Amino acid sequence: MAKPRVAAIIQARMGSTRLPGKVLMPLAGKPVLWHIVHRLRKCHMVDVVAIATSTSSQDDTLASWATEAGIPLVRGPEDNVLERYLLAARQLNADIVVRVTGDAPLVDPSLIDHMIELLIAESADYCTGEPGVLAIHEGFAPLTRKALEKIGKEGASEPAGREHVDGYIKQHPEQFSIVHVPIPEAHRISGTRVSVDTPSDLEFLSLLYHELGANAGELDVAEVVALLKRRPELLSISAHVLQKDMTHANKLVVIRCDGHPDIGLGHVVRCLAIARCLRDKHGIGIVFAMADRAPGPEMVRESDFPVELSNGEESESLWLEEVLTRRHANGLLLDIRTDLAASSIRNWRRKGILIAILDDGSERRFCADLAFFPPVPQVNEMDWTDFTGIRLIGWEWIPLRADFDRKLPPPTNQTPQVVITMGGSDPAGLSLLALNALQRLDVPLNARLILGRSFAQGPQLAQLLPNLRVPLTILENVSNMPEALSDADLAVASFGVTAYELAALGIPTILLSLTDDHARSAQALHQAGMALSLGNHADVTEGQLADVIRNLLSDARVLRTMRAACVHIDGQGADRISNRLNKSLTEQLIKHQRSGQ
C-alpha cells in the first residue's frame, strides 16, 4: 500500500492585530516563519511544506518571501482559514494535512512524524495529544483530507471550523475517529506559551535561544523544558499574555487618537497603555486610527500595533466608518479633540459597536456605552440627563503606562534635585520658563530637564544653556521614566498625562497649564494635595515660579505631605479600563448571539 501524501500547511498572515507582521519578525536571526518551515522539513513523513495565506495586499510581502524561499504558496479568503486549507489541500493533492499555525516556531518534527504514523496505522481522522497532559507543544495537528473536507461541508458556518479548522473536530468528537499520541515525559510542562502573539512572546523565545546557545531553528524542545524546569522564573517574561483558544470570541477594538506637537503626545501614551492590557491580558485585537501627523503613528508602530492613517481628504466620519467596517470592529475607544460628529458615533452604536470615551466632555459623551473620566471639576458640571451609558469617574480610572504602578522611595539627596518635564511636545516652551525661574534662585540645587520626542523649542534652549548657572542634566527620548525620576525631590511639569504619572510615582509637583481648561483640571490634583497648581502658564512669571520652588524646597514637611497624598493614584487605571471594556464587549457579543444578530 502506497504511503499517503502528507502536506504540512502553515496558516500565516501579516495582518495580526495583536502583533502585525509577526510571522516575518526576526528570531535568532531568522524570520519566525523560516523557523517553522526549517523544522517541518526535518519531518520524514511530510512530503511537502506549504504556506496558506490570504489574497489581501498586505500579505504580498509574505508571498514574496515564500517565493524567494522556494516554498509553495496558496492564497485564499482573508476571513476564512478553513477555505484556505481546503484550497491548499486540493492544490497539493494531499491525503493528510498537518495544520500548522504560523506563530509557533518550536514545532517538533519527531512528534509530528509519530502523530502521522499513528494516524495512518489506526486509520483515524485526527491525531492530538493525550487528554489532560500539559506539554510544551503548540500549533500543529495532523488530520486526513477526508476529515478536512467534512469540516468544509458541515463546519464552515461555525467559528471553530472556519477560524480554527480542527477546532470543529474538538467540538464534535463524536463525528470523527480520533487517536491520541503519547507525550514524552521530557516534553511535559505546565504554564508555558511558545507561540508568538505579542512582543513579550518574541522576547521569551529569543531568551531561550540565548540561554541554550542554539543556532536558528535548532532549539530542542526537551532541552527547553529542562531549562524552564530549572529556571521557572524565565516564564515570567510572557506569563501575563493570554493564550487564546477556540473558545475565545474574536474581539477587535479600534482606538481613535492623535499625537503631534500641537496637542501633545498624552493621548497616544495613555491609549497605548490600555491597548497593551487589552492585547496581552484579554487577547483583544487592536487597530489605531490616527491622523497622518508625526510622531503619534510612529509611537504606535514602535509598540507593534497596526495603524490606519487618515490623509485628511475625506471627512473623519466617513474615514472611520470605513475602518470600522473593513476591520470588523466590535469596539471603538475615542480619545480625541476633533469635531467627529456625535451622530456618526450614535449610528455605530446602533450597529452593535461598543463605544467608549476617555475624558471627552463634548456631545460625543451622550453616545457612549462607557465614559471614563478623572475626578476633575468639569465632569460634575456637565449635563448628563440624556446619557444612557455607564460613567466611571475617579482617580482609579486614569490610564498610565505599566511602569507607573508603584511609588518611588523618598530621595536622600544632599543637594535637592529638581526635575523639569513638560510632556512630549511642550508647545508653549514651559521648559524654558522653568529654567529661567531656576536661574533666579539663590539656593543650591541640581536640575534635570527631560525632553519629549516632539520638543519644538530646541533653538531657544540652545541659546539659553551657555548662560545657565544651575547644574543641569538633559535627558532625551527617555525609555525608563521612573528611573529618570527616581531621585527627584520636586518636579515642575505641564498638566496632562505627565502630571498623573508623577503623582502615581509619589513625586511632589508644581503644575503649569497650557489652557484655562487644563488649569481647572489641575485643580483636582491641587485640592487632593498631590500637586501645587499655578494655573494657566500665561499668568505665571518667572519670579513667581521661582518663589514657589524655593518655598517648597525649604519645607520638608510640605513635601512629605504631598508625597503621602499621592496614594490616590495607583497606576492601575489602564488595567481597570481594559477589564471593563472586555467585560462589556463579552456581554455585548453574548447578547447579539442570543438575539441571532
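The coordinates are above.
The present account deals with the structure reproduced in this document. (Residues numbered from 1 in each chain as written. Predicted model: local features only at pLDDT ≥ 70, side-chain atom pairs only at ≥ 80, totals over all residues. Heavy atoms only, no water.)

### Quick look at the packing of aromatic side chains
Selection criterion: We call Phe, Tyr and Trp rings a pair once their centres come within 6.5 Å, taking the six-membered ring for Trp, and we label the pair stacked below 30 degrees between planes, edge-to-face above 60, and tilted otherwise. Each helix is a run of DSSP H or I of at least 4 residues and each strand a run of E of at least 2, with the numbering of both proceeding from the N terminus. Think of it in three bands: residues with accessible area under 20% of the maximum for their type are buried, residues over 50% are exposed, and the middle band is partly exposed, with areas taken using a 1.4 Å probe on protein chains only. When the NZ atom of lysine or the CZ atom of arginine is within 6 Å of a ring's centre and also within 35 degrees of its normal, the charge is said to sit over that ring.
Counted under the stated rule, the structure contains 7 aromatic pairs. Taking 6.4 Å as the distance between ring centres and 65° as the angle between the ring planes, the aromatic pair formed by Trp-395 and Tyr-500 counts as edge-to-face. Note that Trp-395 is positioned in the loop between β16 (390–393) and β17 (417–421) and Tyr-500 in helix α18 (residues 497–505), a separation of 105 residues in sequence. According to the relative accessible area criterion, Trp-395 is buried, its value standing at 15%. Residue Tyr-500 is classed as buried on the basis of its relative accessible area of 6%. Here a set of aromatic residues connected by ring pairs shows up, and it is made of Phe-373, Trp-384 and Phe-387. Across the ring face of Trp-34, the terminal group of Lys-30 is positioned such that the distance to the ring centre comes to 5.2 Å.

### Quick notes on the nonpolar core
Convention followed: Only buried Ala, Val, Leu, Ile, Met, Phe, Trp, Tyr and Cys residues count toward a nonpolar core, and they belong to the same one when joined by side-chain atoms within 4.5 Å. When checking whether two residues touch, look at their non-hydrogen atoms; a contact exists if any pair is within 4.5 Å.
Within the largest apolar cluster, 93 residues are counted, with the highest numbers of intra-cluster contacts made by Val-254, Phe-288, Leu-320, Leu-525 and Ile-569. If one sorts the elements of this core by residue count, helix α10 (residues 266–282) sits on top with 9 residues. Ignoring any residue separated from it by four or fewer positions in sequence, one finds Leu-320 in contact with Val-254, Arg-256, Ala-289, Leu-332, Leu-334, Leu-340 and Trp-348. Among the nonpolar cores identified, the runner-up in size contains 58 residues, and Ala-8, Met-25, Ala-66 and Leu-219 belong to it.

### Considering the sheet that holds strand β12 (residues 307–310)
In a beta sheet, neighbouring strands pair by backbone hydrogen bonds and run either parallel or antiparallel. This is how the line gets drawn: Strands are labelled as partners when DSSP assigns at least two bridges between them. In this description, a line fitted to the C-alpha atoms serves as the axis of each element, helices being fitted only across the stretch in contact, and the angle between N-to-C directions of two axes falls anywhere from 0 to 180 degrees.
Read across the open sheet, the 7 strands follow the order β12-β11-β10-β13-β14-β15-β16; overall the sheet is parallel. The open sheet is flanked by β12 and β16, the only strands paired with a single partner. Strand-to-strand twist of the sheet, defined as the mean angle between neighbouring strand axes without regard to direction, takes the value 20°. Relative to strand β11 (residues 285–291), strand β10 (residues 252–257) runs parallel, the two being bridged by 5 bridges. Pairing of Val-253 across the sheet is with Ile-286, part of β11. Contacting β10, β11, β13 (331–335) and β14 (354–358), α10 runs over the sheet at an angle of about 165° to β11. Here helix α12 (residues 316–326) sits on the sheet and contacts β10, β11, β12 and β13; the angle it forms with β10, its principal contact strand, is near 160°.

### What about the pattern of salt bridges?
Going by this rule: Definition used for salt bridges: Asp or Glu carboxyl oxygen within 4 Å of a side-chain nitrogen of Lys or Arg.
A full pass over the atoms with the stated rule returns 40 salt bridges. Asp-197 is paired through a salt bridge with Arg-193; the nearest N and O atoms lie 3.4 Å apart. Accessibility expressed as a relative area gives 9% for Asp-197, which makes it buried. Where Asp-201 meets Arg-193, a salt bridge forms, and the shortest distance between an N and an O atom there is 2.7 Å. With relative accessibility at 1%, the residue Asp-201 sits in the buried group. Salt bridges sharing common partners tie together Lys-22, Asp-103, Arg-193, Asp-197 and Asp-201.

### Concerning the packing of helix α15 (residues 430–439) against helix α20 (residues 542–553)
Note the following rule: These descriptions rest on fixed angle ranges, namely under 35 degrees for roughly parallel, over 145 for roughly antiparallel, 65 to 115 for roughly perpendicular, and the rest for oblique. Should the near helix be turned anticlockwise from the far one by less than a right angle, the crossing is left-handed, and should it be turned clockwise, the crossing is right-handed.
Between α15 and α20, the shortest axis-to-axis distance is 8 Å and the interhelical angle comes to 65°. Considered as vectors, α15 and α20 are oriented roughly perpendicular to each other. Judged by the twist between their axes, the crossing of α15 over α20 is right-handed. Residue-level contacts link Leu-433, Ala-434, Asn-436, Ala-437 and Leu-438 of α15 to Glu-542, Leu-545, Ala-546 and Ile-549 of α20.

### Here we look at the sheet that holds strand β20 (residues 490–494)
Ordered by their spatial adjacency, 6 strands build an open sheet running β19-β18-β17-β20-β21-β22, and the pairing between neighbours is parallel. Both outer strands of the open sheet, β19 (472–476) and β22 (531–536), are each paired with one neighbouring strand and no more. Taking each pair of neighbouring strands and ignoring which way they run, the sheet shows an average axis angle of 15°. Summarising the sheet, strand β21 (residues 509–513) and β22 pair through 4 bridges and their orientation is parallel. Among the inter-strand pairings, Leu-511 is bridged to a residue of β22, identified as Ser-533.

### Some words on α20
As a reminder, the rule being used: A helix is expected to span 1.5 Å multiplied by its residue count minus one. The arc in question is formed by the directions pointing from the helix axis toward the C-beta atoms.
Between its terminal C-alpha atoms α20 stretches 17 Å, which fits the 16 Å expected from 12 residues at 1.5 Å a residue. Every buried residue of α20 is accounted for by Leu-545, Ala-546, Val-548, Ile-549, Leu-552 and Leu-553. All buried residues of α20 project into a common sector of 165° when viewed along the axis, lining one side. Where the residues of α20 are buried, they touch β17, α15, β20, β21, β22 and α21 (556–565).

### Observations regarding the side chain of Asp-489
Applied cut-off: Positive: Lys, Arg. Negative: Asp, Glu. His and the chain ends are not part of the count. Under the rule applied, a polar contact is a pair of N or O atoms within 3.5 Å (in protein, one hydrogen donor and one hydrogen acceptor; residues adjacent in sequence only if both atoms are side-chain atoms).
Relative to the helices and strands, Asp-489 resides in the loop between α17 (481–484) and β20. Put simply, Asp-489 is tucked away with no salt bridge, and the nearest opposite charge, on Arg-563, sits 5.5 Å away. In this structure the side chain of Asp-489 is engaged in a polar contact, spanning 2.6 Å, whose partner is the side chain of Asn-413. In terms of polar contacts, Asp-489 uses its side chain to reach the backbone amide nitrogen of Gln-417, at 2.8 Å. Here Asp-489 is in contact with Pro-411, Asn-413, Thr-415, Pro-416, Gln-417, Pro-508, Leu-559 and Arg-563, once residues within four sequence places are set aside.

### Observations concerning the packing of helix α3 (residues 81–91) against helix α5 (residues 145–154)
It is the contact of α3 with α5, at a shortest axis distance of 10 Å, that shows an interaxial angle of 140°. Here α3 lies oblique to α5, going by the angle between them. Of the two possible hands of crossing, α3 and α5 adopt the one that is left-handed. For the pair formed by α3 and α5, the contact residues are Leu-82, Tyr-85, Leu-86, Ala-89 and Arg-90 on the first element and Arg-145, Leu-148, Glu-149, Ile-151 and Gly-152 on the second.

### Regarding the environment of Asp-79
Looking at the element boundaries, Asp-79 is found in the loop between β5 (73–76) and α3. Asp-79 sits in the exposed class, given a relative accessible area of 57%. Sequence separation between Asp-79 and Glu-117 is 38 residues, and the spatial gap between their C-alpha atoms is 32 Å.

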